[in-house]
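Here is what each chain is made of, one letter per residue.
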Amino acid sequence: MQNEKILTTNRQTLRNGNIEILRFIFCCLIIGLHYCEQFGYFGLLTFRGGYLGVEFFFTITGAFLGKSISENKYDVSNSELFAFSRKSIIRKFLSVFPFYAVSTIIAFVIKTISASSVKTSIVSLTALPMDLFMLLNYGLGGYSFTGILWFLSSMFFALMILYPIALKYYSIYTKYYSILVFLVSMGLVMTNFGTFNVPNKYIGILNTGFLRAIAMISIGMFIYELSVVINKHNFSRLFITIIEILLYLYTFLYMIFLQEIEDLEIGMTTALLSMLIAVTITLSKKSLFYEKLDNSFVRSLGKSTLVLFMNHMYWFYNIDNLLKLLGINLNEAVKIIVLIVLIIVSSSISYYFGNRLKQFIFRKLNI
């Protein structure tokens, strides 16, 4: 029965206000990046480093995975290893898929309406199955209606690779190989493209999205173990909190206020490491902020990040066509307000019906 808890207890035990507010902030920075890429920058407010929010979410996934395996100490034989891993990953997939399916259908409808073309609608319809089953990063063609498919595709690919390895060899992988995997994978991406912000390109047969996910989930398991070590030591909580604040401040400033591409390339590794150290401190529970933000409002912000992430990009892609069809001209400020409202409304719809669908699937499959 212990094994049945895999990948279900981790988020409940790590879901505290500090993590949830970070999830919301990093999600907003990703949205800011996507907006600026589509519509242009606001002077110094470029959000060009917003992609580091994706690295944050991969890292937290790794930390959750590490905590689950470390605390539950699953006793799985070699013959059961892959079946057990498959069952756990399927459960994880089914906890996300309902929200993604609803978001994708909304995005498909919005794209179809904005295109106002029968041919485009038919082509979009043929791409829908590939999108729903998250196959974009496998090089099989397709189209991402939500615009964030590469992230989910990469995350589940990485989990399929890492989960059985971590389950069987958790200690040696986390304490030794995880750092090597992180350095080699991210180094490959940086060397070939000059940036970490490469969602779906190839280095030979290696997909950059897969490399990023494997690297960051691996380092996430490592920093969870490091956070446990920090928690056991008698560090000054005031000192460690000051370090935490400074590291997050540097990371956020990097993500928001970059104007030149050269600046982006010079600082990205430092910003990534800064974010990782700050998250380690947050997970260690040594910060003076620990549990200070642990309330229902902050938790709701954290829960909203999944659907906000899934329901923003397609509005950026289609808003101009929709306004043109309606014969409406909006200045930039009003358009931003309209976009915020549309994202909140579509995210709420996705959350409500996605949650209903998730409950139905879990009930039918007795999960």
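Residues numbered from 1 in each chain as written. Predicted model: local features only at pLDDT ≥ 70, side-chain atom pairs only at ≥ 80, totals over all residues. Heavy atoms only, no water.

Some remarks on the overall build of the chain
Thought 1: Check the secondary structure of the chain and you find 12 helices and two strands.
Thought 2: Each helix and strand of the chain, placed in order from N terminus to C terminus, yields the pattern α-α-α-α-α-α-β-β-α-α-α-α-α-α.
Thought 3: Taking 367 residues into account, the globule formula puts the C-alpha radius of gyration at 21 Å, and the chain, at 21 Å, falls close to it.
Thought 4: Viewed in the frame of its principal axes, the chain has a C-alpha envelope of about 65 × 50 × 45 Å.
Thought 5: Within the span of the chain, comprising 367 residues, buried residues form 52% of the whole. (Helix = DSSP H or I, 4+ residues; strand = E, 2+ residues; numbered from the N terminus. Rg over C-alpha atoms; globule rule 2.2 N^0.38 Å. Buried < 20%, exposed > 50% of the residue type's maximum accessible area, 1.4 Å probe, protein only.)

Things to note about the side chain of T280
Thought 1: By secondary structure assignment, the location of T280 is in helix α9 (residues 261-284).
Thought 2: Dropping the residues within four chain positions of it, T280 is found in contact with I223, L226, S227 and I230. (Contact = heavy atoms within 4.5 Å.)

Structural notes on the side chain of N18
Thought 1: The residue N18 is located in helix α2 (residues 17-39) in this model.
Thought 2: Taking the relative accessible area as the measure of exposure, N18 reaches 7% and is therefore buried.
Thought 3: A polar atom in the side chain of N18 sits 3.0 Å from the backbone oxygen of F289.
Thought 4: In this structure N18 touches T282, F289, Y290, E291 and L293, once residues within four positions along its chain are discounted. (Polar contact = N/O pair within 3.5 Å; in protein donor to acceptor, adjacent residues only side chain to side chain.)

Here's the deal with the pattern of salt bridges
Thought 1: Taken as a whole, this structure holds five salt bridges when the rule is applied.
Thought 2: The closest approach of N and O atoms between K67 and E71, which form a salt bridge, is 2.6 Å. Within this pair, K67 and its partner E71 are both found in helix α3 (residues 52-72), separated by four residues, close to a single helical turn.
Thought 3: Residue classification places E71 among the partly exposed positions, given a relative accessible area of 47%. (Salt bridge = Lys/Arg side-chain N within 4 Å of Asp/Glu carboxyl O.)

Overview of the environment of Y352
Thought 1: Mapped onto the elements, Y352 comes out in helix α12 (residues 332-365).
Thought 2: It is 18 Å that separates the C-alpha atoms of Y352 and S296, two residues lying 56 residues apart in sequence.
Thought 3: Within the structure, Y352 has its side chain in polar contact with the side chain of R356 (distance 2.6 Å).

A short note on the packing of aromatic side chains
Thought 1: Under the definition given, this model contains 19 aromatic pairs.
Thought 2: Measuring from centroid to centroid gives 4.2 Å for F26 and F56, while their planes differ by 15 degrees, and the two rings are stacked. Pair noted here: F26 is in helix α2 and F56 is in helix α3, with a separation of 30 residues, a long-range link. Each member of the pair F26 and F56 is classed as buried.
Thought 3: Note on F58 and F151: the rings are 4.8 Å apart at their centroids and 25 degrees apart in plane angle, and the pair reads as stacked. (Phe/Tyr/Trp six-rings, centres within 6.5 Å; stacked < 30°, edge-to-face > 60°.)

Regarding unusual backbone geometry
Thought 1: Positioned with a positive phi, K285 is a non-glycine residue whose angle comes to about 70 degrees.
Thought 2: Note on placement: K285 falls in the loop between α9 and α10 (296-310).
Thought 3: A relative accessible area of 36% places K285 in the partly exposed class.
Thought 4: We note that E291 has phi near 70 degrees; this positive angle belongs to a residue other than glycine.
Thought 5: Mapped onto the elements of the fold, E291 is located in the loop between α9 and α10.

Things to note about a nonpolar patch on the surface
Thought 1: Taken together, the side chains of F42, L44, L45, L238, I242, L246, L249, L253, F257 and L288 define a hydrophobic patch exposed on the protein surface, amounting to about 890 Å² of accessible area.
Thought 2: Inspection of the secondary structure assignment puts L45 in the loop between α2 and α3.
Thought 3: Relative accessible area serves as the criterion here: at 32%, L45 is assigned to the partly exposed category. (Patch = residues over 30% accessible without salt bridge, like charges linked within 9 Å, V, L, I, M, F, W, Y side chains within 5 Å. Areas by Shrake-Rupley, 256 points an atom, 1.4 Å probe, with all protein chains shown as cover.)

What about the confidence of the model for the chain?
As a general rule, the predicted coordinates of low-pLDDT regions are not to be interpreted in detail.
Thought 1: Here the chain averages 87 in pLDDT, while 90% of its residues score no lower than 70.
Thought 2: Within the chain, the element-level pLDDT minimum falls on helix α1 (residues 10-14), averaging 46, and the maximum on helix α7 (residues 208-232), averaging 96.
Thought 3: Throughout residues 1-14 the model reports pLDDT below 50, and contacts reaching past four residues in sequence, or to other chains, amount to 38 contacts. (pLDDT = per-residue confidence, 0-100.)

Some details on the nonpolar core
Thought 1: Core analysis: the largest hydrophobic core is formed by 102 residues, its most contacted members being F58, F151, L152 and L272.
Thought 2: Looking at this core element by element, the count peaks at 17 residues for helix α6 (residues 149-193).
Thought 3: Here L152 is in contact with V96, Y100, M134 and M310, once residues within four sequence places are set aside. (Core = buried A, V, L, I, M, F, W, Y, C linked by side-chain atoms within 4.5 Å.)

Looking at α12
Thought 1: Under the 1.5 Å per step criterion, the end-to-end length of α12 is 47 Å for 34 residues, consistent within 8% with the ideal 50 Å.
Thought 2: Among the residues of α12, those classed as buried are K335, L339, I343, S346, S347, S350, G354, I361 and F362.
Thought 3: In this fold, the buried residues of α12 make contact with α2, α4 (78-115), α10 and α11 (313-326).
Thought 4: With a side-chain oxygen lying 3.2 Å from the backbone nitrogen of A333, the N-terminal cap of α12 falls on N331. (Expected span 1.5 Å × (residues − 1).)

Focus: the packing of α2 against α10
Thought 1: Interhelical geometry of α2 versus α10 gives an angle of 35 degrees and a closest axis separation of 8 Å. The crossing of α2 and α10 is left-handed. Contacts between α2 and α10 involve G17, E20, I21, R23, F24, C27, I30 and I31 from the first element and V298, R299, L301, G302, K303, S304, T305, L308 and F309 from the second.
Thought 2: Here the residues of the contact of α2 with α10 are counted per class, giving nine nonpolar, four polar and four charged. (Axes fitted to C-alpha atoms, helices over the stretch in contact; angles between N-to-C directions. Left-handed = near helix turned anticlockwise from the far one by under 90°. Nonpolar A, V, L, I, M, F, W, Y, C, P; charged D, E, K, R; others polar.)

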